[in-house]
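Remarks on the overall topology
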Amino acid sequence: MFLSKLIPSEDAKKIISNCLKPTKVEEIKLEEAYSRVLSQKIISNLDSPPFDRSAMDGYAIQAEDTFGHSEKNPVQMKIVDRIGAGEKSDVNLEKGEAIKIATGAPLPAGANAVVMEEFTRPEGDFLQVETSLTPGENISPRGEDFSSDDLVLDKGKLLNPAELGIVASTGFNHVSVFKKPRIGVIITGSELVMPKQDINGAEVINSNHFTIKSMVESCLAIPEMFHSVDNADNVEELFKSLLDKYDAIITTGGTAISKGDVVVDVAQKLGEVLFHGVAMRPGKPFAFAQIQGKPVFMLSGFPVAAMVQFDVFIRNALFEMQGLTRDPLIIQKKAAKKIPSSLGRIDYVRAKIDGELVHPLKTKGSGIIRSMVESDSYIVIPENQEGVMQGEECDVLPYQSLKA
């Protein structure tokens, strides 16, 4: 079954999005939360910093004691205490006094500024200050970063190093996150074999096993890989066994109209194929179905077409299932040469960025994996645009921006 009318890429994305359900949530240790997506809002329990603190090594003083003073006209103060990291002073600082203080230490009572060591000259219990300060100088006030009851992170935020640091600073050591989607991946093809040195007859190395597995992992999801020969009964049995165990299914191969391509027919038998065929190049025979309420993404068997289809349709779907919304980062570059295209379809041209220029790769084949290795971006030519002229600005989608 191949639908006679190819649908626009954006329509396909909308259909997919309407069929997605968020994964369940779980509470995990903050220690284990890197690259997970928050399913809760983080409201701070604490002020950060929790007290007025010194922003550098130096001496806590009353700024007013330094007014009008300089290197040529220093002021002398008495050192009455010393505060190291992790310590505090019980001394109430008076006029004309100074307390040596470490970076991050609590500001003692009575002080309102910290003078850098570079502008001082200690002499026993006394200190010469050779600069003038203003109240509040070199101090990080309590709550400067955030205050108790502040919203510091919203639901749906990806927990990268900075986010983990701020969650820890709010007092949380556990967080609620969306579960990683579990994805059953079926690589179809009777000719496919795992990597080996001696290829026999019509055997072909199963490179899709490795590309699709790693692409699923790059979307923070958990893949489990399966292989099927080009047989409808085999594919159907795999579908039935996986639908109860996984949040979604991805297949490669069996989406064209040639004899022996059976995946789409099996999907239609078990559920509903919502579209089969997208107005794009490469990757036209992409299909999407819903079976028992589960999304089923059907990719081409050709490696490059499958990778492009994954980037265009599946990547953001897997993020969306985890509550993560991301917009592709489209940048503008000038085409290094003319790029032909046809109206009515969107083209994803493998390309290499070089400063302000972008070079389209010569190869067009959907099975040329090397073209993905040698490129670092897609030039995206919209459906309503008939190619790109040399020197013309065009939309470029860097591969790096696709990742979480």
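Described in the following lines is the structure provided in the data block. (Residues numbered from 1 in each chain as written. Predicted model: local features only at pLDDT ≥ 70, side-chain atom pairs only at ≥ 80, totals over all residues. Heavy atoms only, no water.)

**Side note on the pattern of salt bridges**
Inspection of the entire model under this criterion finds 16 salt bridges. One salt bridge in this structure joins Glu 26 and Arg 36, with 2.7 Å as the shortest N-O distance. Of this pair, Glu 26 sits in strand E1 (residues 25–29) while Arg 36 sits in the loop between E1 and strand E2 (42–43), and the two are 10 residues apart along the sequence. Note on Glu 26: relative accessible area 27%, which makes it partly exposed. Residue class for Arg 36 comes out buried when judged on its relative accessible area of 10%. (Salt bridge = Lys/Arg side-chain N within 4 Å of Asp/Glu carboxyl O. Helix = DSSP H or I, 4+ residues; strand = E, 2+ residues; numbered from the N terminus. Buried < 20%, exposed > 50% of the residue type's maximum accessible area, 1.4 Å probe, protein only.)

**Section: the sheet that holds strand E21 (residues 294–299)**
Strands in a sheet are paired, the pairing made by backbone hydrogen bonds, and the direction either parallel or antiparallel. Spatial ordering of the open sheet is given by E16-E13-E17-E21-E20-E18, a layout of six strands whose pairing is mixed. The open sheet has two edge strands with one neighbour each: strand E16 (222–228) and strand E18 (272–276). Across the sheet, the axes of successive neighbouring strands diverge by a mean angle of 20 degrees, strand direction being ignored. Sheet topology places strand E13 (residues 182–188) next to strand E17 (residues 248–252); five bridges connect them, and they run parallel. Residue pairing across strands places Gly 184 opposite Ile 249, the latter belonging to E17. Contacts from helix H1 (residues 9–18) reach E18, strand E20 (287–291) and E21 within the one sheet, and its direction differs from that of E18 by about 160 degrees. Sheet contacts for helix H6 (residues 303–321): E13, E17 and E21; angle to E21, the most-contacted strand, approximately 165 degrees. (Pairing = 2+ DSSP bridges. Axes fitted to C-alpha atoms, helices over the stretch in contact; angles between N-to-C directions. Contact = heavy atoms within 4.5 Å.)

**Quick notes on the packing of helix H4 (residues 232–243) against helix H5 (residues 263–270)**
One can describe the packing of H4 onto H5 by two numbers: an axis separation of 9 Å at closest approach and a directional angle of 50 degrees. When the axes of H4 and H5 are compared, the pair comes out oblique. Handedness of the H4/H5 crossing: right-handed. In this structure, H4 contributes Ala 232, Val 235, Glu 236, Phe 239 and Lys 240 to the contact, and H5 contributes Val 263, Val 266, Ala 267, Lys 269 and Leu 270. Here the contact of H4 with H5 is built from residues that sort into seven nonpolar, no polar and three charged. (Parallel < 35°, antiparallel > 145°, perpendicular 65-115°, else oblique. Left-handed = near helix turned anticlockwise from the far one by under 90°. Nonpolar A, V, L, I, M, F, W, Y, C, P; charged D, E, K, R; others polar.)

**Some remarks on the packing of aromatic side chains**
According to the stated counting rule, one finds seven aromatic pairs in the structure shown. Taken together, a centroid distance of 6.2 Å and an interplanar angle of 80 degrees make the contact between Phe 226 and Tyr 246 edge-to-face. One end of the pair, Phe 226, is in strand E16; the other, Tyr 246, is in the loop between H4 and E17, and 20 residues separate them in sequence. Looking at Tyr 246, the relative accessible area reads 5%, which means it is buried. With 5.8 Å between their ring centres and 80 degrees between their planes, Tyr 348 and Tyr 378 make a pair best called edge-to-face. Remark: Tyr 378 occurs in strand E25 (residues 377–381) and Tyr 348 occurs in strand E23 (residues 346–354); sequence separation between them is 30 residues. According to the relative accessible area criterion, Tyr 378 is buried, its value standing at 0%. (Phe/Tyr/Trp six-rings, centres within 6.5 Å; stacked < 30°, edge-to-face > 60°.)

**Considerations on the layout of surface pockets**
By volume, the largest pocket amounts to about 490 Å³. Gly 253, Gly 254, Ser 300, Gly 301 and Phe 302 are the residues nearest the centre of the largest pocket, which is lined by 26 residues in total. Of all the secondary structure elements, the ones that give two or more residues to the lining of the largest pocket are strand E15 (204–205), helix H3 (207–218) and H6. (1 Å grid on protein atoms, 1.4 Å probe; cavity = no way out; pocket = protein on both sides within 12 Å on 5 of 7 lines; lining within 4 Å. Points joined across faces, edges and corners; volume = space filled by probe spheres on them.)

**Quick look at unusual backbone geometry**
Along the chain, Ser 48 connects to Pro 49 via a cis peptide bond; the corresponding omega equals -5 degrees. With respect to the helices and strands, Pro 49 occurs in the loop between E2 and strand E3 (53–54). Here the bond from Arg 281 into Pro 282 is cis, since omega is -10 degrees, no more than 30 degrees from zero. By secondary structure assignment, the location of Pro 282 is in the loop between strand E19 (280–281) and E20. Positive phi, close to 80 degrees, is recorded for Asp 149, a residue that is not glycine. Along the chain, the position of Asp 149 falls in the loop between strand E10 (139–140) and strand E11 (151–153). You can call Asp 149 exposed: its relative accessible area is 61%.

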